[in-house]
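Here are the chains, one letter per residue:
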Amino acid sequence: MKQLEETAGKIRSMEIRGAGRIARAAAAELRDYAMRLSVDDIPVFNEKMKNAAKLLAGTRPTAVSLPNAVRAVMRYGGDTVEEARADVVKLADGFIMNSENAVKRIGEIGARRVRDGDTIMTHCNSSAAISIIAEAHAQGKDINVIATESRPRMQGHLTVKQLDGLGIKTSLIVDSAVRYFMKDVDLVVVGADAVTANGSVINKIGTSQLALAASEARTNVIVAAETYKFSPRTILGELVEIEERDASEVISAEKHAEFQGVSVKNPAFDVTPREYIDLICTEAGAIPPEMAYIIIKDFLGWGIEEMTSTASKWEGLI
Ligand code: RUB
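Residues numbered from 1 in each chain as written. Predicted model: local features only at pLDDT ≥ 70, side-chain atom pairs only at ≥ 80, totals over all residues. Heavy atoms only, no water.

In this section: the packing of aromatic side chains. For the structure on display, the rule yields three aromatic pairs. Between F45 and Y76, the ring centres sit 5.9 Å apart and the planes meet at 85 degrees, which makes this aromatic pair edge-to-face. Note that F45 is positioned in helix α3 (residues 42-57) and Y76 in the loop between α4 (65-73) and α5 (81-111), a separation of 31 residues in sequence. With respect to class, F45 is no different from Y76; both count as buried. Geometrically, the ring pair formed by Y180 and F181 is edge-to-face, given 5.0 Å between the ring centres and 85 degrees between the ring planes. (Phe/Tyr/Trp six-rings, centres within 6.5 Å; stacked < 30°, edge-to-face > 60°. Helix = DSSP H or I, 4+ residues; strand = E, 2+ residues; numbered from the N terminus. Buried < 20%, exposed > 50% of the residue type's maximum accessible area, 1.4 Å probe, protein only.)

What follows covers the state of the cysteines. In total, this model carries zero disulfides according to the counting rule given. Free cysteine: C281, not disulfide-bonded; nearest cysteine sulfur from C124 at 18 Å. Looking at C281, the relative accessible area reads 1%, which means it is buried. (Disulfide = S-S within 2.5 Å.)

Attention now goes to the pattern of salt bridges. Summed over all chains, the structure comprises 19 salt bridges. K169 is the salt-bridge partner of D142, the closest N and O atoms lying 2.7 Å from each other. Residue D142 is located in the loop between α6 (127-138) and β2 (144-148), and its partner K169 is located in strand β3 (residues 169-173); the two are separated by 27 residues in the primary sequence. For D142, a relative accessible area of 41% puts it in the partly exposed group. Classification of K169 as partly exposed rests on a relative accessible area of 43%. (Salt bridge = Lys/Arg side-chain N within 4 Å of Asp/Glu carboxyl O.)

Another point: the site of the ligand. Around the ligand sit 18 residues in total, of which R17, G20, S126, N203 and K204 are the nearest. Between A19 and the ligand, the recorded distance is 2.9 Å, taken from a backbone N or O atom to an oxygen atom. For the ligand, whose unbound accessible area comes to 450 Å², protein coverage reaches 99%. Sorting the residues of the shell around the ligand by element identifies α2 (19-36), α6 and β6 (201-204) as the ones contributing at least two each. A breakdown of the residues in the shell around the ligand according to their chemical character gives six nonpolar, seven polar and five charged. Taken domain by domain, the makeup of the shell around the ligand includes at least three residues from each of domain 1 (2-104) and domain 2 (105-308). (Near = heavy atom within 4 Å. Polar contact = N/O pair within 3.5 Å; in protein donor to acceptor, adjacent residues only side chain to side chain. Areas by Shrake-Rupley, 256 points an atom, 1.4 Å probe, with all protein chains shown as cover. Nonpolar A, V, L, I, M, F, W, Y, C, P; charged D, E, K, R; others polar. Domains from an automatic or database assignment.)

The next point concerns the nonpolar core. Judged by nonpolar contacts, the single largest core of 37 residues is most densely connected at L30, F45, M49 and V70. In terms of residue count, α2 provides more of this core than any other element does, ten residues in total. Membership of the second largest hydrophobic core comes to 28 residues, among which are I146, V201, I277 and A292. (Core = buried A, V, L, I, M, F, W, Y, C linked by side-chain atoms within 4.5 Å.)

Bringing the domain arrangement of the chain into the picture now. Each domain of the chain was delimited in the assignment, giving domain 1 (2-104) and domain 2 (105-308). The distance between the C-alpha centroids of domain 1 and domain 2 comes to 25 Å. Across the boundary between the two partners, domain 1 contributes 24 residues, which contact 34 residues of domain 2. Between domain 1 and domain 2 lies a buried interface of about 2200 Å² when both sides are counted; carbon and sulfur atoms form 50% of it. On the domain 1 side of the interface with domain 2, the three residues burying the most area are R17, T62 and V103, jointly 25% of the side's total. Taken together, domain 1 and domain 2 are joined by two salt bridges. R60 is the partner of E243 in a salt bridge, and the nearest nitrogen-oxygen pair spans 2.9 Å. On inspection of domain 1 and its partner domain 2, the count reaches 20 residue pairs in polar contact (both at pLDDT 80 or more). Among the elements of the structure, α2, α4 and α5 are those that each provide at least two residues to the side of domain 1 that touches domain 2. (Contact = heavy atoms within 4.5 Å. Buried area = accessible area lost by both parts, 1.4 Å probe.)

This next bit is on the environment of I120. Tracing the chain through its elements places I120 in strand β1 (residues 119-122). Residue I120 is classed as buried on the basis of its relative accessible area, which comes to 0%. For I120 and P43, which are 77 residues apart along the polypeptide, the C-alpha to C-alpha distance reads 52 Å. If near-sequence neighbours (up to four positions away) are discounted, I120 is found in contact with V114, I133, I143, N144, V145, I146, V185, L187 and V189.

This is the structure in structure tokens:
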């Protein structure tokens, strides 16, 4: 239990962060938890797994990759604990492998949209977006990257460190300089925490501002998103919950105490409508945002019927 709670805590505190990494960490934790469980009774095993799944799925509300990963592992079957455990291990390892391959494949597909000499703007720190940028660079294309700081948690520092490590020419800018620099940008490449059935993309707060500035400048916006970032719940008309994080990420408690009447708002993500997105680059191919529903229904295999008929089984996980 201790390790399970530690992993949940690391996801909550963002020591483990980024939608893809969170998903892989949750799948790995479910696998390890199943290995550690010393019970002989299959109903007890199932109950404990379900509680672990709920704990992990509830750590961050916006990244749909998280419940999708948990659900992928919780599809396990087996009449005995041994069988069930083996299936959990197989499904978790399969998910992690597919996820890593997906990020690589997205890089290969997305790099085709990058031209020699391009300046790319990116936001926050997305492994999938960086995969595209890194692959374009590896193919010998001469590119420049403009990366935002991504306040308040400054994930942009991770991005510039990674890009610099790869030898890619990179500039770091404050988030409010996005429109100022957009005239120099050929392509915007960002990641996603969730993609809805109507093709909207939920990503780090400020992404919609980038997309708006790009639209005004007629600059293309590519979203890099593995298929497990697509949200089956949105087929049922649900909205993706936007995580509101602690005020202390924006202002220290000490400073905040000086302004008694001031409330601090700290949404971690925002919604970019599909009109501002040219392409969503998935491992299943580069698609227009209008095709998001098809990915959910055909690729993830979750249509409305299946979801409603098995809703109780996936209570809290879909
Ligand atoms: C991270 C973020 C990333 C997406 C995609 O937010 O918004 O752009 O999660 O990342 P946070 P990846 O830092 O709050 O987790 O492509 O790595 O899955």
